[in-house]
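Observations on the three-dimensional arrangement
Each chain, letter by letter, is given below.
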Amino acid sequence: MTVARNPLLPGCYPDPTICRVGPDYYLVTSTFEYAPGLPVFHSVDLVSWEQIGHVVDRPGQLDFAGIGSSGGLYAPTLRHHDGVFWLICTLVTRQDDARDGNFVMTATDPAGPWSDPVWLDADGIDPSIFFDDDGRVWVHGTRLAREPAWHDQTEVWVRELDRRTMTLVGPEHVVWNGALKDVVWAEAPHLYKVEGTYYLLAAEGGTEFHHAVSVARADSVTGPYTGNKGNPILTHRHLGRESDVVGTGHADLVQAVDGSWWAVLLGMRPYGGYHYNLGRETFLVPVTWEDGWPVFAPGVGRVPTEVDVPFAGPVHLGLAQGGASGVVPPGDLRWTSLRRPAAEFASASGDGWDLTMRPTTLADPETPAFLGVRQQHMDLDVRATVRADLADGEDVGLAVRQSEDDHVRVFVTGTAGTASTDDTAGTDGTAGTDDEARRVVAVLRRAGVETTLGELTLTGAADAPVTLTVSARGQDYALLAGVAGDEPRPVAVADARTLDSGATGGFLGLWIGVYATSNGRPTATIAQVQRFEYVPAT
Ligand code: 6LW
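Residues numbered from 1 in each chain as written. Predicted model: local features only at pLDDT ≥ 70, side-chain atom pairs only at ≥ 80, totals over all residues. Heavy atoms only, no water.

Side note on the overall build of the protein chain
- Helices and strands together make up the secondary structure of the protein chain, namely one helix and 40 strands.
- At 24 Å, the protein chain has a C-alpha radius of gyration in line with the 24 Å of a compact globule built from 538 residues.
- Considered along the principal axes of its C-alpha atoms, the protein chain spans approximately 85 × 45 × 45 Å.
- Residue burial in the protein chain is summarised as follows: out of 538 residues, 59% are buried.
- The long-range share in the protein chain, meaning contacts at least 24 apart out of those at least 6 apart in sequence, stands at 60%.
- Surface accessibility of the protein chain: about 19,900 Å² in total, with carbon and sulfur atoms responsible for 50%.
- Placing the 39 positive and 70 negative side-chain charges of the protein chain at their respective mean positions leaves the two points 3 Å apart. (Helix = DSSP H or I, 4+ residues; strand = E, 2+ residues; numbered from the N terminus. Rg over C-alpha atoms; globule rule 2.2 N^0.38 Å. Buried < 20%, exposed > 50% of the residue type's maximum accessible area, 1.4 Å probe, protein only. Contact = heavy atoms within 4.5 Å. Areas by Shrake-Rupley, 256 points an atom, 1.4 Å probe, with all protein chains shown as cover. Lys, Arg positive; Asp, Glu negative; His and termini not counted. Charge placed at Lys NZ, Arg CZ, Asp CG, Glu CD.)

Put into structure tokens, the structure is as follows:
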């Protein structure tokens, strides 16, 4: 027996969806404005997962231009039918934006390539797809109720998909708007058929503190659905904000090879107060059936820290499971950019990257020269060694990113400093003739307002690489800098409580990455990122 440790995927891996094909399990999560989008994971035992690709991985497949943070790709559903993988998802922009909507992509290999999208005539979010054993296909999703009974009331709809024309046909059936009268946001619906009965699993309460999983069943796919008297069948809201895991919901079911049932779902781990910087993470929960209803975490009633998986082999934690420490090389699937492929501004160079600087900044909802990875550990050190001949007003740095409006940066700036008069200069206190003072600045951008947290001046050969460090210990993120090889010196400490989605709004956990910007000026600078290390400290 092997024990799966929760979270199964630490860091910002929300809205998990899972399916099994023979002995293989596949799982996909939401990615919002990050590119490539919708990572695909593979496992043979539900315990150890390796990323095998992305669903959205080429220009032209979807257009993210100008889509703000926490827009973009919302909750996907992954299914397999007749030798084909189906992925149904929403690109969220704004209601009046023609790109906003639900689409289907297909692939024969889940690692890709995936097709271009087929857009469906359906509004709302959280689409799912169900292949009935009579050959009919049913799309379902959630949207604001046409006649809101109360604010934030959503309803789950079901409509048939004509596979030949890939259009929704026939009447729409509104089948569910939540189990509990006083909770809102019935969403994340998934239909299953188990021993002849149709089951509708749905989240409610919103993807925050009140998040919950409910279930209903029916004899016909279009209802009427009857809720389980035991609803919600999983929630942590009654455990309060001191619970180690909060916000559990958005579940998807899978039956294992041995006939056992399992759910993947999202939850958050608060630390340093009610703040969950790692975002919404993917958890595994055992499921049994009693009296024709699924029971989540039987006998326990909450997401366990450890889950016994009787059929699993030895644990091999994949990169996305936080199993790696050290240099993140260019080919690593953890790398992500914003909205467009990194290949447009970055090329691999040894252990690192050459970043073609862009005028775009991290505050713009476009594609700055930014390459980052999810923060997956509460305590960690991220070190980037950078080198660039910076013109006035150009910056190369390390950022802890929540959104355009909320991030922390520690960066070397091309704005000149004066080594000889600066008493913080140089490790030896003097500047030689070939030396040049370089300013390092730490800035917090919070709700779009920038505050300088600290500065220091480095001296050394003008072309000496500089190592920038983010050293997170709980909610204190120390920002350090030094000429590569020298002892790094503190620039500032940021309180990261200001950066989690509870504080900022939105749906994301934090990313940490390198960036290069000329802050709006024309530029031809190439910034070298000689190495980027991600080292968990616990
Ligand atoms: C997801 C939805 C949700 O589509 O958050 O409020 C959205 N709940 O289920 C983004 O993850």
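Things to note about the site of the ligand
- Around the ligand, the neighbouring residues are Asp15, Phe32, Tyr74, Ala75, Ile125, Asp126, Glu187, Thr207, His250, Arg280 and Phe507.
- Note that an oxygen atom of the ligand is positioned 2.5 Å from one of the side-chain N or O atoms of Asp126.
- One of the backbone nitrogen or oxygen atoms of Thr207 is found 3.4 Å away from an oxygen atom of the ligand.
- Bound to the protein, the ligand loses 95% of the 300 Å² it would expose on its own.
- Here the residues of the shell around the ligand sort into five nonpolar, two polar and four charged. (Near = heavy atom within 4 Å. Polar contact = N/O pair within 3.5 Å; in protein donor to acceptor, adjacent residues only side chain to side chain. Nonpolar A, V, L, I, M, F, W, Y, C, P; charged D, E, K, R; others polar.)

As for the side chain of Asp15
- As for its position among the elements, Asp15 is in the loop between β1 (2-5) and β2 (17-21).
- According to the relative accessible area criterion, Asp15 is buried, its value standing at 4%.
- A polar contact of 2.5 Å, which involves the side chain of Asp15, links it to the side chain of Ser30.
- Sequence-distant contacts of Asp15, that is, excluding residues within four places in its chain, are made with Val28, Thr29, Ser30, Phe32, Tyr74, Ala75, Pro76, His250, Leu266 and Arg280.

Describing the sheet that holds strand β23 (residues 281-290)
- Spatially, four strands are ordered β21-β22-β23-β24 in an open sheet, and the strand pairing comes out antiparallel. Since the sheet does not close on itself, it has two edges, and those belong to β21 (246-255) and β24 (293-296), each with one partner. Here the strands of the sheet are splayed against their neighbours by 35° on average, with no regard to which way each runs.
- Relative to strand β22 (residues 261-268), β21 runs antiparallel, the two sharing six bridges. (Pairing = 2+ DSSP bridges. Axes fitted to C-alpha atoms, helices over the stretch in contact; angles between N-to-C directions.)

Regarding the nonpolar core
- Judged by nonpolar contacts, the single largest core of 52 residues is most densely connected at Leu355, Leu371, Leu398, Val440, Leu468, Tyr477 and Phe532.
- Apart from residues lying up to four places away in sequence, Val440 is in contact with Val410, Phe411, Val412, Gly454, Glu455, Leu456, Leu458, Leu468, Ala481 and Val491.
- Counting residues in hydrophobic clusters, the runner-up holds 21 residues, among them Tyr192, Val194, Leu201 and Ala297. (Core = buried A, V, L, I, M, F, W, Y, C linked by side-chain atoms within 4.5 Å.)

A short note on the domain arrangement of the protein chain
- As far as domains go, the protein chain holds domain 1 (2-321) and domain 2 (326-536).
- Placing a centre on the C-alpha atoms of domain 1 and another on those of domain 2 gives a separation of 35 Å.
- Contact residues are listed per partner, giving 38 residues for domain 1 and 36 residues for domain 2.
- Summing both partners gives a buried area of about 3,200 Å² for domain 1 against domain 2, and 57% of it is carried by carbon and sulfur.
- Three residues, Tyr34, Tyr271 and Asn277, lead the burial of domain 1 against domain 2; their summed loss comes to 23% of the area buried on that side.
- Summed over the shared surface of domain 1 and domain 2, the number is one salt bridge.
- Residues Arg401 and Glu33 are paired through a salt bridge, measuring 3.0 Å at the closest nitrogen-oxygen approach.
- Joining domain 1 to domain 2, the criterion identifies 21 residue pairs in polar contact (both at pLDDT 80 or more).
- A total of four residues in the side of domain 1 that touches domain 2 trace back to one element, the largest contributor, which is strand β6 (residues 50-56). (Domains from an automatic or database assignment. Buried area = accessible area lost by both parts, 1.4 Å probe. Salt bridge = Lys/Arg side-chain N within 4 Å of Asp/Glu carboxyl O.)

Description of the pattern of salt bridges
- Counted under the stated rule, the structure contains 33 salt bridges.
- Between Asp123 and Arg143 there is a salt bridge whose closest N-O contact spans 3.5 Å. Residue Asp123 is located in the loop between β11 (118-120) and β12 (125-131), and its partner Arg143 is located in strand β13 (residues 137-144); the two are separated by 20 residues in the primary sequence.
- For Asp123, a relative accessible area of 40% corresponds to the partly exposed category.
- Here Asp389 and Arg387 are joined by a salt bridge, their closest N and O atoms 3.2 Å apart.
- Of the residues examined, Arg387 reaches a relative accessible area of 17% and is grouped as buried.

Focus on the packing of aromatic side chains
- The full count for this structure, using the stated rule, is 17 aromatic pairs.
- Both rings, one in Phe130 and one in Tyr198, keep their centres 5.9 Å apart while their planes meet at 85°; by these two values the pair is edge-to-face. Here the residue Phe130 occupies a position in strand β12, and Tyr198 occupies one in strand β17 (residues 197-204), the gap between them amounting to 68 residues. Each member of the pair, Phe130 together with Tyr198, is buried.
- Among the aromatic residues, ring-to-ring pairing joins Tyr199, Trp261, Trp289 and Trp293 into one connected group.
- It is Arg241 that lies over the ring of Phe209; its NZ or CZ is 4.0 Å from the centre. (Phe/Tyr/Trp six-rings, centres within 6.5 Å; stacked < 30°, edge-to-face > 60°. Lys NZ or Arg CZ within 6 Å of the ring centre and 35° of its normal.)

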